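Results of the structural survey
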2 protein chains.
Amino acid sequence: MARGLKPAQMRTYFALTEAVSLLQHAVQEQLQAEGGLSYVQFEVLAKLVDAERPLTMTELADGVVYSRSGLTHQAGLLENAGLIVRKVSTDDKRATVVDITKAGRVRVAKVLPGHIAVVRTLLYGALSEPDVLVLGDLMARVRDHMRNRPPRSATPRKRARNAD
Amino acid sequence: MARGLKPAQMRTYFALTEAVSLLQHAVQEQLQAEGGLSYVQFEVLAKLVDAERPLTMTELADGVVYSRSGLTHQAGLLENAGLIVRKVSTDDKRATVVDITKAGRVRVAKVLPGHIAVVRTLLYGALSEPDVLVLGDLMARVRDHMRNRPPRSATPRKRARNAD
DNA sequence: TATTGTTATACTCTATAACTATA
DNA sequence: TATAGTTATAGAGTATAACAATA
């Protein structure tokens, strides 16, 4: 259990992290340049578009961000920009229901083609169609495996200060 | 050129980004908890260990961080923590040569097993050995494709303000 | 003039803890 | 008591621009 990674595993890990880092950087730059959106903000809007119904903050937080206050902050920015609206839920008055506005949909529509272009060019420019299927299968399995495993279990220790 | 992504491409993209996001989050938490290191700081130290010689700031910046000032800041933190040393290069007096200290090596050794454990558990827990080879091959091709393509070319526009 | 690196500064993101309100 | 969400606050990361020194 304390043994290392095999050379092939090391190479794969480094290739994966570097490739994804480059991709994320390009994607973030595109979203910022063409829509003034951070990636998280885009995710929130995309999630609302995809859901085709208003979502609660808790539903939105699922998978998007790792703290409630972080989502509250981002939602505040998006609301100030007129891209979403928040109101108290009628079902459960503790809950906040978030809906995307017309302007929000316009913004997503404005940004999406460029976003897709970046992904297609950078990620899929080097892959054949069968490659895409294989990669999708592999990463779906990895993703499902991680989802089913509370991240904390691997790192149960207290948090330390940075680099000291 | 303005067409979208095929369903298989969409699924692959989402699986890839979510899986890597979960992995990165777990990795960052482990590095912070067990070594008080951010991922970038770990990368810098790992790069110095791997190089087996002092590196200039420019060499270090290559692939690690996206601005020189960002690296200067991180190097300052690592130097304050006693994990690296900086001095003026004798070859080119404009250059700064960065070397890892004994304490730096100790820190890497302290953190590495846990880091590897997280990667092995989360990333490779769902993959067979052949899978790892296939994934490594795919991502190496994607990475090389991105490296050879200046990221700016896909997003030539000016930067906008956030979400407004 | 171009390049290496630092500094000053500002902005964004994220997280923790305390708090309100409802279930 | 537990849950949904917000607020206040603080810390960390990153970037731009101006700058100094060297090539």
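Residues numbered from 1 in each chain as written. Chains lettered and ligands numbered in written order. Predicted model: local features only at pLDDT ≥ 70, side-chain atom pairs only at ≥ 80, totals over all residues. Heavy atoms only, no water.

As named in an unreviewed UniProt entry, chain A is MarR family transcriptional regulator, taken from Mycolicibacterium gadium.

To continue, consider the relation of the copies chain A and chain B. At an RMSD of 0.1 Å, chain A and chain B line up after a rotation of 180 degrees and a shift of 0.1 Å along the axis. Between the two chains, the operation in question is that of a two-fold axis. Residues of chain A ranked by C-alpha distance from the rotation axis are headed by L135 of chain A, positioned 3.4 Å from it. A share of 99% of interface residues in chain A that are also interface residues in chain B marks the association as one of identical surfaces. (Least-squares fit on C-alpha atoms with pLDDT ≥ 70 in both. Contact = heavy atoms within 4.5 Å.)

All names here are of chain B. On inspection of all chains with the given rule, the structure shows four aromatic pairs over all chains. When the centroid spacing of 5.5 Å and the interplanar angle of 40 degrees are considered together, the rings of Y13 and F14 count as tilted. On the basis of relative accessibility, which here comes to 3%, the residue Y13 falls in the buried class. Summarising the aromatic geometry, the rings of Y39 and F42 are spaced 6.4 Å apart at their centres and angled 40 degrees between planes, so their arrangement reads as tilted. With a gap of three residues between them, Y39 and F42 both fall in helix α2 (residues 39-51), about one helical turn apart. Y39 sits in the partly exposed class, given a relative accessible area of 21%. By relative accessible area, which is 6% here, F42 ends up buried. (Phe/Tyr/Trp six-rings, centres within 6.5 Å; stacked < 30°, edge-to-face > 60°. Buried < 20%, exposed > 50% of the residue type's maximum accessible area, 1.4 Å probe, protein only. Helix = DSSP H or I, 4+ residues; strand = E, 2+ residues; numbered from the N terminus.)

Bringing the sheet that holds strand β2 (residues 84-88) of chain B into the picture now. Residue and element names in this part refer to chain B. In space, the three strands of this open sheet follow the order β1-β3-β2, with antiparallel pairing throughout. The open sheet has two edge strands, β1 (55-56) and β2, and neither has a second partner. Here two bridges tie β1 to strand β3 (residues 96-100), and the two strands are oriented antiparallel to one another. Of the residues in β3, the one forming a bridge with L55 is V98. Lying on the sheet, α2 is in contact with β1, β2 and β3; it crosses β3 at an angle near 85 degrees. (Pairing = 2+ DSSP bridges. Axes fitted to C-alpha atoms, helices over the stretch in contact; angles between N-to-C directions.)

Turning to the protein's contact with DNA strand D, a few remarks are in order. Close to DNA strand D lie 24 residues; T58, R68 and T72 of chain A together with S69 and H73 of chain B are nearest. In DNA strand D, the atoms that sit within 4 Å of the protein are 64% sugar and phosphate, with bases accounting for the remainder. Within the backbone of M57 of chain A, one N or O atom sits 3.0 Å away from a phosphate oxygen of DNA strand D. Within the side chain of S67 of chain B, one N or O atom sits 3.1 Å away from a phosphate oxygen of DNA strand D. A total of four residues in the surface near DNA strand D trace back to one element, the largest contributor, which is helix α4 (residues 68-80) of chain B. Here the residues of the surface near DNA strand D sort into five nonpolar, 13 polar and six charged. (Near = heavy atom within 4 Å. Polar contact = N/O pair within 3.5 Å; in protein donor to acceptor, adjacent residues only side chain to side chain. Nonpolar A, V, L, I, M, F, W, Y, C, P; charged D, E, K, R; others polar.)

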